[in-house]
Amino acid sequence: MASPLTVASGSRYNDINTFQQLSLLHQSPRLESSKSVGQLKQFHAFIIKTGSPQHQTQILYDKIISLSRGNEIENLSLQNPQVYLYNFIIQCLSNANPLEAIALYREMLIKGLLPNTYTLPYVLKACWQSQSLRVGQQVHAYSMKTALLSNVYVFNTLMRLYAVCGLIKAVHKLFHFRQHPQAQRDLVSWTTLIQAYVKMDYPTEAILSFFDMCQANLRPDGMILVIVLSACSKLGDLSLGIKIHRYITDNHFNLSPDVFIHNALIDMYLKCGNIPSARKVFDEMPVKNVVSWNSMIAGLTHRGQFKEALDIFRRMQGLGLKPDDFTLVCVLNSCANIGWLELGKWVHTYLDKNHINTDGFIGNALVDMYAKCGRIDQAFGVFRSMKCRDVYSYTAMIVGLAIHGKAWKALDIFSEMSQVGIEPDEVTFVGVLSACSHAGLVEEGCKHFLDMSRVYNLQPQTEHYGCMVDLFGRAGLIREALDLIKSMPLVPDAFVWGALLGACKIHAKVELAEIVMENLVRFEPEGDGAYILMTNIYSSKNRWKEALKLRKKMKERKVKKTPGCSLVEVYGEFYEFRKGDKSHPKTLEIYKLLDEIMHQSKNHGYIL
DNA sequence: GTAGGGTTAG
């Protein structure tokens, strides 16, 4: 006779295959009249098979509780009907109501029922869902006492608990613990270990474990290769990535249509800086999904290829594919970087039209886009309309206000941030300090710089020292700027020396500039900024000989001057202009208009 | 009836 569990995939319920029908089923009296565990099992299997939404399992749970209070349980032929029912209910609740699931597990123990290898994985899942690590550790102890830990499902789920809680040492210890060698380790155990390393930012350990796994004669599957590729991405190790790619192609475990592998390859090639290979995988993959497009767009954005990223987005739209949150965040990021306000506004309208929630990533990206595209008021509007604001939202707003020279407003937002209890991070302080420096707020800048370590336990990095040097330098406090550099616990880098050289230019400190210049060239031998700035300093003092000498030195050292470039977008078309550029067909009209703007600016009192 | 996958920000 067939087991009742096979019925769900058999003939009896084949006609029921949608959630709507499932929901009707729950409202029908059929379940109420289920008087045997056999029928319950059928429903159970059915619900698991169809992935019923949580509110429906809640309905089922209530019904089962009422059933189990009846006498039917006593008449059942199952070995352990009560444990079975508890397992089932705990499983149903482990997502939607994990604390209740844990309470039921405790109830089982109090009643003297023995949890089995099915119970513990569900309870452990409830533990990470409800962040109940302590309970998880109790389950760990119980599993050792009862030898249930030797079951590979219990073992793997326990590893996952520690991985989800970020306890990488506990994951490692559990995996390698020699005192319970009876614990089986399968491909899932290795996957959990390797993924935990990747998630916790230990990509080298992930790769080493992968090699250990291969040594142990386990054959990797598609899932583990995806994780290993993401470790290569994190390492930026192209040659390793290529080796894994070759391994996949040579062994092609029927993986050729695996969209996950292809997406991971695209991400790996882009993060490792090989754009042509990423494009090749993308163009040749047989099946693409939205993540394939997102990986391309995100990867190109990450590499600073904003126009190319938006070209991919246009191709996606041309094919009528629907973008998701990831796509739109990347698109907004590219818009922010090239100043394409019109496309950014289009994304905003799209979000409104499709009733997409602008909290979280999307809202933060909108704030950043508007601020960087020069629309600080709109940025502020979006910021205020967000129901949930996090450290990223506040930072985007503060940095935006700093760029626009609205220092006091930036400081207001910063104090609002601490009032609502959101902790600033290092980037927030870059915004705060640069706001102070642009507005010449020396006292406020010093206070916030000291607060970083005193109040927020954040160690200033070279960017923060750079901001402070800039702040002192602009205010003419060269002595203070020099003292700060001398007191630095870090080696001053190009950011710091560059700020000081800028100050030398403003205040015409030629001798100091010469010393700073030497330092700066040591850090950035290929950079042209220091040479240009220094040449300008000599020229401003009419020391033409030195200026010429420096230009000659630049030539000798083969330092090339990067031409300044402006990017203007008109109706979706981009126009690039370089110094003295006369390549545009409407050059005459453009220069005429520029002259007019210069003239009017001078009339309004601007010094050009 | 149980466990493991890729892409996003300042």
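All figures in this text were calculated on a predicted structure; none of them were measured in a lab.

A. Seen up close, helix α33 (residues 587-603). Here α33 contains 17 residues, and its C-alpha end-to-end distance of 24 Å stays within 8% of the 24 Å for a straight helix at 1.5 Å per residue. Just past α33, the residue glycine 605 takes up positive phi, approximately 95 degrees.

B. Local environment of the pattern of salt bridges. In total, this model carries 12 salt bridges according to the counting rule given. A salt bridge links arginine 315 to aspartate 283; the nearest nitrogen and oxygen atoms lie 3.4 Å apart. With a gap of 32 residues between them, arginine 315 in helix α18 (residues 306-318) and aspartate 283 in helix α16 (residues 275-284) connect regions that are remote in the sequence. Here arginine 315 falls in the partly exposed class, since its relative accessible area comes to 40%. Overall, the relative accessible area of 46% leaves aspartate 283 in the partly exposed class. As a salt-bridge pair, glutamate 342 and lysine 345 come within 3.7 Å of each other at their nearest N and O atoms. One end of the pair, glutamate 342, and the other, lysine 345, are both in helix α20 (residues 341-353), three residues apart, so they sit about a helical turn from each other. Overlapping salt bridges, with partners in common, bring together Lys447, Asp451 and Arg454 in one network.

C. Spatial organisation of the side chain of threonine 157. By secondary structure assignment, the location of threonine 157 is in helix α9 (residues 152-164). Ignoring anything within four residues of it in the chain, the contact list for threonine 157 reads Pro121, Leu124 and Trp128.

D. Representation of the UniProt feature "repeat: PPR" (unreviewed entry) in chain A within the structure. As annotated by UniProt and renumbered to match this structure, "repeat: PPR" (unreviewed entry) occupies residues 186-220, 258-288, 289-323, 359-389 and 390-424. With 74% helix and 0% strand, the stretch residues 186-220 has end C-alpha atoms that lie 11 Å from each other.

E. How the structure looks around the packing of helix α23 (residues 391-403) against helix α24 (residues 407-419). Contact pair α23 / α24: the axes reach a minimum separation of 8 Å and the direction vectors enclose 165 degrees. Considered as vectors, α23 and α24 are oriented roughly antiparallel to each other. In this structure, the crossing between α23 and α24 has a hand that is left-handed. Note on element contacts: α24 touches α23 through Lys409, Ala410, Ile413, Phe414, Glu416 and Met417, opposite Val391, Tyr394, Met397, Ile398 and Leu401. Each residue belonging to the contact of α23 with α24 can be placed in one class, and the counts come to nine nonpolar, no polar and two charged.

F. Focus on the packing of helix α12 (residues 203-215) against helix α13 (residues 222-235). For the pair α12 and α13, the least separation of the axes is 9 Å and the interaxial angle reads 145 degrees. Handedness of the α12/α13 crossing: left-handed. For the pair α12 and α13, the contacting residues are Pro203, Thr204, Ala206, Ile207, Phe210 and Met213 in the first and Ile224, Leu225, Val228, Ala231, Cys232, Lys234 and Leu235 in the second. Broken down by class, the residue content of the contact of α12 with α13 amounts to 11 nonpolar, one polar and one charged.

G. Geometry of the nonpolar core. By size, the foremost hydrophobic cluster in this structure holds 168 residues, and its most contacted members are Met369 and Met397. Dropping the residues within four chain positions of it, methionine 369 is found in contact with Leu332, Cys335, Ala336, Leu341, Gly344 and Lys345.

Procedures and definitions
- Residues numbered from 1 in each chain as written.
- Chains lettered and ligands numbered in written order.
- Predicted model: local features only at pLDDT ≥ 70, side-chain atom pairs only at ≥ 80, totals over all residues.
- Heavy atoms only, no water.
- Helix = DSSP H or I, 4+ residues; strand = E, 2+ residues; numbered from the N terminus.
- Expected span 1.5 Å × (residues − 1).
- Salt bridge = Lys/Arg side-chain N within 4 Å of Asp/Glu carboxyl O.
- Buried < 20%, exposed > 50% of the residue type's maximum accessible area, 1.4 Å probe, protein only.
- Contact = heavy atoms within 4.5 Å.
- UniProt positions renumbered as here; feature names shortened; annotations may be inferred.
- Axes fitted to C-alpha atoms, helices over the stretch in contact; angles between N-to-C directions.
- Parallel < 35°, antiparallel > 145°, perpendicular 65-115°, else oblique.
- Left-handed = near helix turned anticlockwise from the far one by under 90°.
- Nonpolar A, V, L, I, M, F, W, Y, C, P; charged D, E, K, R; others polar.
- Core = buried A, V, L, I, M, F, W, Y, C linked by side-chain atoms within 4.5 Å.

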